[in-house]
Amino acid sequence: MKSLDLSWRLFGVWRRNLIVYRRIWKVNFLVPLFEPLFYLAAFGVGLSGLVGEVLYAGEEISYIRFIAPALLATAIMFNAFFETTYASFVRMYYQKTFDAMLATPLSLNEVITAEIVWGATKSLLAAAIILLVITSLGFVNSPLALLVLPLAFLGGLAFGAAGMFFTGITPSIDMFNLPIFLFVTPLFLFSGTFFPVAGLPPWAQNLALLSPLYHLVELTRYLTMGSMEAGALTSIGYLAVFALVFYFLSLKTMRRRLIK
Amino acid sequence: MSGEYPIVEAEEVTKKFGLFTAVDRVSLTVRKGEFFGLLGPNGAGKTSVIRMMYGFSPLSAGVMKVFGLDIATGWREIRQQIGVCQQDNTLDPDLSVEKNLLVFAGYYRLAKSLAVERTAELLNFFALSHKRQAQVYHLSGGMARRLMLARALINDPRLVILDEPTTGLDPQSRHQVWDKLRELRARGLTMVLTTHYMEEAAILCDRLIIMDRGMILVEGSPEELIGIYAGKSIIEVETPGPELVAFVKQQQVRHEELPTRLIIYTDEEDQLGRVIRERFCFEKCIFRHGTLEDVFLRLTGRELRE
């Protein structure tokens, strides 16, 4: 295999995105600050009267406690995935930012890698804010919760790489509806986020095991509440492999798309 | 050191897209300090040659050397020392004018203090200092193009590649860009230019090639090419009478018959020019010097390409 052409120069691209992010950092902070509050109000407060307690990993917990860590996980997914789909597509296609970069000593792989790493950084920032919110509301009872930050970065790499893969094969920006409809939304709903996977029929449980979001949700529950259904190492391993596979796929599809 | 080898050396460079050959065994040399032009109709392969020159497009065959280094292996070192002003506006609309240069300097890993210094210098040189804080989408076409040029110079390059640097600009902005490019040439900077404007090529280029269908048709200085392919003076006759057409054919004067015009290539010393003028040109005759545009149209034809 040819060399990957990766160097520390990629942080020039990462820094560019950080500078743009900081320009409107207040707006960028508002979403992860208020979105979990909306969800907690709607589902946690509104639905919990109907749902009551949830049986998760052998314990009875309140519904709002059940979904609070899942909001961390879904925010990690959305932040990275939307960054490397819509935002990267705009930079690549409309702003021709990548074309300009590819006239400098940056390699294509550095540009793509930096975009994915930036997506993961956004996941990390969002997770940090949400962690503060749910901690202050009393939904966190483990000091391990700080490990949510590196986990957010890993989860961000996984979903950022998947998003970049779709950017590599999506003909136009409107077509992102497809991966969102077929990939992100089913993950969002069926990954043990709003109800425990254990309540599903066996075939559906096996399907959920394939979902990277399922493993991310499991890990955020483990780190914030100290219990999970599956094994932590298996879930970390699955996320890492998922990230690597889609990383190489995204390098491949973006090369085919951009290099003429 | 740089005297030992040409700045750019392309040997039988070929670019294929599937079955289509965009560039077909093109060889060219750009020497140090030269302003080199690549001319040709749309689809002639100019941009493909340029993209191979800065390592954006991999070669299908041949060897491209810049500063004596093979682009296939030395691309990073080469790109560190060249500036590229692309045809499309590739400025970063998320950043201010000044930040566009500073962030770009980061891609070259320029030291912060040097980046700040060069940014101020270049904004001043391109008369953009007053727009330092502006967002790039607020810039006029001319200003945006000047910022593109400034950005291409941020790393103090030894070679600058300009892909249609004045397309779409108004005459004032175009002349301003030309002035700046002439200043850079006077400082000894090597430049490669593609353009559709023959006037631009004639004014700026020391040497140029005209390409068509992926191949080089001719190479030389603008003056040489005009002398060989257009002649010193030209007579354009609108709706010529049949006697004139017959005369021109009989005397075997170089000419082109268009639907409503006759173009006759003569030389100043040529007696025929005077004869035509006295015998046939009672009205609607234009006498003018040969230009690069005549050369271009004679060599590449007049039919539309797209």
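Below is a short write-up of the structure.

Calculation rules
- Residues numbered from 1 in each chain as written.
- Chains lettered and ligands numbered in written order.
- Predicted model: local features only at pLDDT ≥ 70, side-chain atom pairs only at ≥ 80, totals over all residues.
- Heavy atoms only, no water.
- Patch = residues over 30% accessible without salt bridge, like charges linked within 9 Å, V, L, I, M, F, W, Y side chains within 5 Å.
- Areas by Shrake-Rupley, 256 points an atom, 1.4 Å probe, with all protein chains shown as cover.
- Salt bridge = Lys/Arg side-chain N within 4 Å of Asp/Glu carboxyl O.
- Lys, Arg positive; Asp, Glu negative; His and termini not counted.
- Charge placed at Lys NZ, Arg CZ, Asp CG, Glu CD.
- Helix = DSSP H or I, 4+ residues; strand = E, 2+ residues; numbered from the N terminus.
- Buried < 20%, exposed > 50% of the residue type's maximum accessible area, 1.4 Å probe, protein only.
- Contact = heavy atoms within 4.5 Å.
- Buried area = accessible area lost by both parts, 1.4 Å probe.
- Polar contact = N/O pair within 3.5 Å; in protein donor to acceptor, adjacent residues only side chain to side chain.
- Pairing = 2+ DSSP bridges.
- Axes fitted to C-alpha atoms, helices over the stretch in contact; angles between N-to-C directions.

### With respect to a positive patch on the surface
Line of reasoning, step 1. On the surface, Arg15(A), Arg22(A), Lys99(B) and Lys112(B) cluster together to form a positively charged patch.
Line of reasoning, step 2. Structurally, the position occupied by Lys112(B) is in helix 4 (residues 112–125).

### Remarks on the pattern of salt bridges
Line of reasoning, step 1. Counted under the stated rule, the structure contains 19 salt bridges over all chains.
Line of reasoning, step 2. Between Glu115(A) and Arg91(A) there is a salt bridge, with the nearest N and O atoms lying 2.9 Å from each other. Placement of Glu115(A) in helix 5 (residues 108–136) and of Arg91(A) in helix 3 (residues 63–94) is noted, with a sequence separation of 24 residues between them. You'll find Glu115(A) and Arg91(A) in the same group, each marked buried.
Line of reasoning, step 3. Salt-bridge contacts for Glu236(B) lead to Arg288(B); the nearest nitrogen and oxygen are separated by 2.7 Å. Pair noted here: Glu236(B) is in strand 11 (residues 233–238) and Arg288(B) is in strand 14 (residues 285–289), with a separation of 52 residues, a long-range link.
Line of reasoning, step 4. What makes Glu236(B) buried here is its relative accessible area of 12%.
Line of reasoning, step 5. Among the residues examined, Arg288(B) registers a relative accessible area of 23% and is labelled partly exposed.

### A look at the side chain of Thr119(B)
Residues and elements named next belong to chain B.
Line of reasoning, step 1. Among the secondary structure elements, Thr 119 is positioned in helix 4.
Line of reasoning, step 2. With relative accessibility at 1%, the residue Thr 119 sits in the buried group.
Line of reasoning, step 3. Not counting chain neighbours up to four residues away, the residues in contact with Thr 119 comprise Glu 98, Leu 101, Leu 102 and Ile 154.

### Observations concerning the interface of chain A and chain B
Line of reasoning, step 1. Across the boundary between the two partners, chain A contributes 26 residues, which contact 28 residues of chain B.
Line of reasoning, step 2. Broken down residue by residue, the surface that chain A buries against chain B is led by Arg9(A), Pro105(A) and Lys260(A), which jointly contribute 24%.
Line of reasoning, step 3. Our enumeration of links across chain A and chain B arrives at 3 salt bridges.
Line of reasoning, step 4. Where Glu110(A) meets Arg76(B), a salt bridge forms, and the shortest distance between an N and an O atom there is 2.7 Å.
Line of reasoning, step 5. Counting every contact that joins chain A to chain B gives 13 residue pairs in polar contact (both at pLDDT 80 or more).
Line of reasoning, step 6. It is helix 1 (residues 10–23) of chain A that contributes the most residues to the side of chain A that touches chain B, 6 residues altogether.

### As for the sheet that holds strand 9 (residues 207–212) of chain B
Residue and element names in this part refer to chain B.
Line of reasoning, step 1. Judged by pairing direction, the sheet is mixed, and its 6 strands sit side by side in the order 6-7-8-3-9-10 without closing on themselves. Bordering the open sheet on either side are strand 6 (82–85) and strand 10 (215–220), each of which pairs with just one other strand. On average, each strand axis in the sheet is inclined to that of its neighbour by 15 degrees, with strand direction left out of account.
Line of reasoning, step 2. In the sheet, strand 7 (residues 159–163) pairs with strand 8 (residues 190–195) via 5 bridges, with the strands oriented parallel. Each residue of the ladder has a partner; that of Val 160, found in strand 8, is Met 191.
Line of reasoning, step 3. Across the face of the sheet, helix 11 (residues 292–300) comes into contact with strand 3 (35–39), strand 9 and strand 10 while running at roughly 30 degrees to strand 9.

### Thoughts on the side chain of Asn17(A)
Line of reasoning, step 1. Relative to the elements of secondary structure, Asn17(A) occurs in helix 1.
Line of reasoning, step 2. Look at Asn17(A) and you get buried, because its relative accessible area is 2%.

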